[in-house]
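For reference, the chains in residue letters:
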Amino acid sequence: KGSDWIADFAVASIDRIDDWTTILAERRIPCSPVFWHDRILVLVEDESQGRRLIELSVDGNESNVFISDISSQIRQLAITHDYIYASYLDEGFSRVDAWHVTGRRCPSVVLPFNGSVDILPFSTEASTRFFYACESFDTPQSIYEYDSRTRESTLWFQTDSANRRRSATIRRDSFPAS
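Residues numbered from 1 in each chain as written. Predicted model: local features only at pLDDT ≥ 70, side-chain atom pairs only at ≥ 80, totals over all residues. Heavy atoms only, no water.

Here's the deal with the confidence of the model for the protein
Quick reminder of the rule: pLDDT gives the predictor's per-residue confidence on a scale running from 0 to 100. Numbering goes from the N terminus for both helices and strands, where a helix is a DSSP run of H or I of at least four residues and a strand is a run of E of at least two.
With 88% of its residues at a pLDDT of at least 70, the protein reaches an overall mean of 83. Strand β4 (residues 39-46) is the least confidently modelled element of the protein, averaging 79 in pLDDT, while strand β13 (residues 142-147) averages 94, the highest of any element.

As structure tokens, then:
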């Protein structure tokens, strides 16, 4: 449609491979379908509501809005056995929030420091863990493993910090326009 990229998404039963059902038609990209516990979740973006994670029925109708109550765009998702985690920026700071398979919002991931966060590509509903990378001006890139059962992050790897000699502070300033 114009200069927008669009996508279609269809599903079929493994028993009836020739019988495809269109779930999404002409959805604007980015549009990211995810299968989770026999559910179809789709990260969609629209102009009026931003990025949301919705649940679709097998006939393609929106049956539930799974994640919509955050004020920023969802950047990334991580999926574990019972939880979905969404990373986003909240007033310039990285956050990773959690939702249970029931749709109930859960406590946020306690991040080790304020900096940028990237969820690493590893998503499986069979696991209770996911990995994310953090870095800031005064902390070298670090990879953490998060365990959804204990709600704890464990340092898994950190780059050498020999080249970092000074600490830095992040602060918010504003100045009147002249």
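Some remarks on the side chain of S148
The condition that has to hold: Contact definition: two residues touch when any of their heavy atoms are within 4.5 Å.
Topologically, S148 is positioned in the loop between β13 and β14 (152-158). In contact with S148, other than residues within four places in its own chain, are T80, Y83, Y85 and T128.

Observations regarding the sheet that holds strand β9 (residues 93-100)
Quick note on the threshold: Any two strands are treated as partners once DSSP identifies two or more bridges connecting them.
Taken together, the four strands give an open sheet; going across it, the order is β7-β8-β9-β10, and neighbouring strands pair in antiparallel fashion. Unpaired on one side and paired on the other, β7 (76-79) and β10 (105-106) mark the two borders of the sheet. With two bridges joining them, β9 and β10 adopt antiparallel strand pairing. Bridge pairing in β10 places W99 opposite R105.

Thoughts on the pattern of salt bridges
For clarity, the cut-off: The term salt bridge refers to a side-chain nitrogen of Lys or Arg lying within 4 Å of a carboxyl oxygen of Asp or Glu. Each residue's exposure class comes from its accessible area (1.4 Å probe, protein chains only) as a fraction of the maximum for that residue type: buried when under 20%, exposed when over 50%, partly exposed otherwise.
Scanning the entire structure with this criterion turns up 10 salt bridges. Across the salt bridge formed by R95 and D90, the nearest N and O atoms sit 3.9 Å from each other. The residue R149 makes a salt bridge to D147 at a minimum N-O spacing of 3.2 Å. On the basis of relative accessible area, R149 is assigned to the exposed category, the value being 57%. By relative accessible area, D147 is classed as buried at 8%. Here the salt bridges do not stand alone but share partners, grouping D90, R95, D97 and R105 into one network.

Here's the deal with the environment of V65
Positionally, V65 belongs in strand β6 (residues 62-67). Remark: the alpha-carbon pair of V65 and L41, spanning 24 residues in sequence, is separated by 9.1 Å. Leave out the neighbours within four places in its chain, and V65 touches R52, L53 and I54.

So, the sheet that holds strand β12 (residues 129-135)
In plain terms, the rule: Lines are fitted to the C-alpha atoms to define the axes, a helix being fitted only along its stretch in contact, and any angle between axes, read from their N-to-C directions, falls within 0 to 180 degrees.
Read across the sheet, four strands follow the order β11-β12-β13-β14 without closing on themselves; strand pairing throughout is antiparallel. Every interior strand has two partners, whereas the edge strands, β11 (116-119) and β14, have only one. Neighbour to neighbour, the strand axes of the sheet diverge by 30 degrees on average, direction disregarded. In this sheet, β12 lies alongside β11 in antiparallel orientation, the contact comprising four bridges. Along β12, the bridge assignment pairs D118 with A133.

Brief notes about the packing of aromatic side chains
Test applied: Classification of ring pairs uses Phe, Tyr and Trp, with its six-membered ring standing for Trp, and accepts pairs whose centres are within 6.5 Å; under 30 degrees between planes counts as stacked, over 60 as edge-to-face, and the remaining range as tilted.
Considering all chains together, one arrives at nine aromatic pairs under this definition. The interplanar angle of 45 degrees and the centroid separation of 6.1 Å between the aromatic rings of F130 and Y132 together place this pair among those described as tilted. Each member of the pair F130 and Y132 is classed as buried. Taken together, the ring pairs in this structure connect Y83, Y85, F130, Y132, Y144 and Y146 into an aromatic cluster.

Observations regarding the pairing of β14
Bridging between β13 and β14 involves six bridges; their strand directions are antiparallel. Bridging across to β14, Y146 finds its partner in S153. In sequence, β13 turns back onto β14 through a hairpin of four residues, with R151 there showing a positive phi of about 55 degrees.

Concerning unusual backbone geometry
At H37, a residue that is not glycine, the phi angle is positive and equals roughly 50 degrees. Summarising the element assignment, H37 is placed in the loop between β3 (32-36) and β4. When its relative accessible area of 26% is taken as the criterion, H37 is described as partly exposed. Of note in this structure, R151 is not a glycine but carries a positive phi near 55 degrees. Its location among the elements puts R151 in the loop between β13 and β14.

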